[in-house]
Amino acid sequence: MPNWEKGLIALGINLVLILILFTIIDIVDKKIIEKIRNQEANSPLLRFIPIIMKLLKAIIIFIAITGLLQSQGYSISSILAGFGIGGIAVGMAAKDALANIFGSLEILSDHVYKIGDYVKVNGIEGYVEDINIRSTKIRDLDNFLINIPNNVAANAIITNVSQAKKRFINITFGVVYSTNNDNIKLAQDILKETAINHKEIHNEFTVAVHDLGDSSINIRFRGYVKSGSYDKFLKVRGEFLEEVIKKYRNANIDFAFPSHSVYIESDNTKIEN
């Protein structure tokens, strides 16, 4: 059989194989995209799937062409060597770009954060506004938009504040030293009662006399807000404080304020301020 006929047969077989593989890739592509959309309609991962699928198709075409050329007697090692030299140059130029792409895939596949999350990355904190192929855009608390390369973010220690399931409340209430024993106990009971009655505070908390300060007997409350949202945490914490202040005042429990005692030895006079 002439070489040109063998070449046509090989070309036909390669085309059929390419069409079959392309069909399989398209089916897998469609299923993956549907699955991602069902989990998160606006997932940035949807931008990367088509790129990966096109890359797979390009690799398949490259393999098919090199195989066809080899069947026709061409030296594949020479061709690959040529691609290798050019590939080194391209690879050096595209090193950072490829690192960012793989960083993006790592962030998205591991669900490190998503758009709308409040995160801390390399000392930068704010809300994630966008995740693209090259970088993650974070809007910080000063309303500045900061771009972090994804290869940097993928290797950084990331704190996803939005993923917190609950938030810690740690408040110390200082009452004056003249508070009698009954009112010290009452002050603790008020904290317990207020926490129990607030539906957004976990019932597992601790209330105890913590220490003796310079000008106050310090009673500490340690507990958790049920929500991980920082705004919700501030709201619940504020409501808790307002209720405690109101109840302390109604019970005539006085909050302490910083004071100093000065002793004058000459006449044993004590001056308080």
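Computed from a predicted model, the values in this text were never measured in an experiment.

A.B. asks: Account for the overall build of the chain, with residues named and values stated.
C.D. replies: Across its full length, the chain carries six helices and 10 strands. Sequence separation of 24 or more characterises 60% of the internal contacts of the chain that already satisfy a separation of 6 or more. As displayed, the chain offers around 17800 Å² of accessible surface, 58% of which is attributable to carbon and sulfur atoms.

A.B. asks: Tell me about helix 6 (residues 230-250), residues and numbers included.
C.D. replies: The terminal C-alpha atoms of helix 6, which comprises 21 residues, lie 30 Å apart, in line with the 30 Å expected from a rise of 1.5 Å per residue. Taken as a whole, helix 6 has its buried residues at Phe 233, Val 236, Phe 240, Val 244, Lys 247 and Tyr 248. Along the axis of helix 6, the buried positions cluster into a sector of 100°, meaning they face one direction only. Summarising the geometry of helix 6, the exposed residues directed more than 90 degrees from the buried face are Asp 231, Glu 242, Arg 249 and Asn 250. Elements in contact with the buried residues of helix 6: strand 6 (167-175), helix 5 (181-197) and strand 8 (217-225). Downstream of helix 6 by one or two residues, Asn 252 has phi in the positive range, about 60°.

A.B. asks: For the packing of helix 5 against helix 6, give the residues involved together with the corresponding values.
C.D. replies: One way to put it is that helix 5 packs onto helix 6 with a least axis distance of 10 Å and a crossing angle of 140°. Relative to helix 6, the element helix 5 is oriented oblique. Crossing geometry of helix 5 relative to helix 6 is assigned as right-handed. Together, Ala 187, Gln 188, Ile 190, Leu 191, Glu 193, Thr 194 and Ala 195 of helix 5 and Phe 240, Glu 243, Val 244, Lys 247 and Tyr 248 of helix 6 make up the contact between the two elements. In terms of residue class, the contact of helix 5 with helix 6 is made up of seven nonpolar, two polar and three charged.

Cut-off values and rules
Residues numbered from 1 in each chain as written. Predicted model: local features only at pLDDT ≥ 70, side-chain atom pairs only at ≥ 80, totals over all residues. Heavy atoms only, no water. Helix = DSSP H or I, 4+ residues; strand = E, 2+ residues; numbered from the N terminus. Contact = heavy atoms within 4.5 Å. Areas by Shrake-Rupley, 256 points an atom, 1.4 Å probe, with all protein chains shown as cover. Expected span 1.5 Å × (residues − 1). Buried < 20%, exposed > 50% of the residue type's maximum accessible area, 1.4 Å probe, protein only. Arc of directions from axis to C-beta. Axes fitted to C-alpha atoms, helices over the stretch in contact; angles between N-to-C directions. Parallel < 35°, antiparallel > 145°, perpendicular 65-115°, else oblique. Left-handed = near helix turned anticlockwise from the far one by under 90°. Nonpolar A, V, L, I, M, F, W, Y, C, P; charged D, E, K, R; others polar.

Honestly, it's all geometry; don't read function into it.
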